[in-house]
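Here is how the chains run, residue by residue.
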Amino acid sequence: MAIKTFNNNNAGQNVYLYYCQQSKEAALIDAGCSKEDIKAVSAFIYENNITVKGILITHGHGDHLVAADELKNLTSAAVYCHEAEKEMLMTPSLNLSTSVGMSISVTPEHLLNDTDIFKFGGITLKILHTPGHTPGGVCYYDEENGVLFAGDTLFKNSIGRTDLPAGCHDTLIKNIKEKLVALPDDTKVYPGHGPSTTIGHEKQHNPFV
């Protein structure tokens, strides 16, 4: 397995291409690409003969959705999100894109639930429902390889905002402690913004954990 990160944008959101080097199959985690990122994604998957099997959304805020339709057209891959997040993806006022002068509406083809799995190549991702930042926020966990894509649930030394509409601080903390802190310390965490970290580091240094 390998991870390619794209984050050449103004809001600092990370888009991850998680791919199997043997099968050349991949998943795109989130869709917050700038125009430059889209060109980079296109070049990378073409040069490496990669087939994207799904666009997996961690949560429905506009900064993580802005290029969803373009990535669908580029890769022919379907969009996945938690069932509780569907309305947010489809409604500009709920995904907050209207607050920055945009009108983003994304229709997911597939809805996920807690403990569902998404397989591609030799990789299995387990869906962990971790609401609090948003009602349908999820993390994608590869137990075999010790990798967690945390979206805006958990950051290095911090957590996602809960002061936005539909956010809940107590719910977020509960889910982080029950579902993420319980993972092995050496689990590598790839957040929606900022640098990667590990569960062990967050247990020692994150004031919210």
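The preceding data block contains the structure.
To keep things clear, this report deals only with the structure shown in the data block. Since we're looking at a predicted model, the values are computed, not measured.

A general tendency of soluble globular proteins is for nonpolar side chains to be buried together. In terms of nonpolar packing, the biggest core is built from 27 residues, with Leu17, Ile55, Ile57 and Leu71 touching the most fellow members. The set of elements that each furnish at least two residues to this core consists of β1 (2-6), β2 (15-19), β3 (25-29), α1 (35-47), β4 (51-56), α2 (68-75) and β5 (79-82). Considering every element that reaches this core, the biggest residue donor is α1, with four residues. What Ile57 contacts, discounting residues up to four positions off in sequence, is Asp30, Ala31, His64, Leu65, Val79, Tyr80, Cys81, Leu89, Val138 and Tyr140. Membership of the second largest hydrophobic core comes to 19 residues, among which are Ile29, Leu56, Tyr140 and Val147.

For the rest of this paragraph, the subject is the sheet that holds strand β10 (residues 147-151). Read across the sheet, six strands follow the order β7-β8-β9-β10-β13-β14 without closing on themselves; strand pairing throughout is mixed. Of all the strands in the sheet, the pair left with one neighbour each is β7 (117-120) and β14 (197-198). Taken together, the three bridges between strand β9 (residues 138-142) and β10 define a ladder with antiparallel strand orientation. When the bridges of β10 are listed, Tyr140 appears paired with Phe149. Contacts from helix α4 (residues 169-180) reach β8 (123-129), β9 and β10, with the element oriented near 145° to β8.

Taken together, the side chains of Val66, Val100 and Met102 define a hydrophobic patch exposed on the protein surface, amounting to about 240 Å² of accessible area. By the secondary structure assignment, Val100 is in the loop between α3 (86-90) and β6 (110-112).

Residue position: Cys81 is located in strand β5. For the pair Cys81 and Gly136, spaced 55 residues apart in sequence, the C-alpha separation works out to 7.9 Å. Once residues within four sequence positions are removed from consideration, Cys81 is found in contact with Ile57, Lys86, Leu89, Pro108, His110, Leu111 and Leu112.

Rules used throughout
Residue numbers here run from 1 along each chain, matching the order of that chain's written sequence. Per-residue local features are limited, in this predicted model, to residues with pLDDT of at least 70; the limit for side-chain atom pairs, both in listing and counting, is 80 or more; totals at the level of whole chains, interfaces and linings are taken over all residues. Computation of side-chain values covers all heavy atoms of the structure but excludes hydrogens and water. Working definition of a nonpolar core: buried Ala, Val, Leu, Ile, Met, Phe, Trp, Tyr and Cys residues. They are joined through side-chain atoms within 4.5 Å. Relative accessibility under 20% of the residue-type maximum defines a buried residue, over 50% an exposed one, and the middle range a partly exposed one, all with a 1.4 Å probe and only protein chains included. Each helix is a run of DSSP H or I of at least 4 residues and each strand a run of E of at least 2, with the numbering of both proceeding from the N terminus. Only heavy atoms enter the contact rule, under which two residues are in contact if any of them lie within 4.5 Å. Paired strands, in this sense, are two strands between which DSSP finds at least two bridges. Every axis corresponds to a line fitted to the C-alpha atoms, with the helix fit spanning only the stretch in contact, and the corresponding angles, defined between N-to-C directions, vary from 0 to 180 degrees. By definition, no residue in a patch forms a salt bridge, and every one has over 30% relative accessible area; like charges are joined within 9 Å, nonpolar side chains (Val, Leu, Ile, Met, Phe, Trp, Tyr) within 5 Å. All accessible areas in this document rest on Shrake-Rupley with a 1.4 Å probe, and a residue is counted as covered only by the protein chains that are shown. The working definition used for a salt bridge is a side-chain nitrogen of Lys or Arg within 4 Å of a carboxyl oxygen of Asp or Glu.

No statement about biological role is implied by the geometric values presented.
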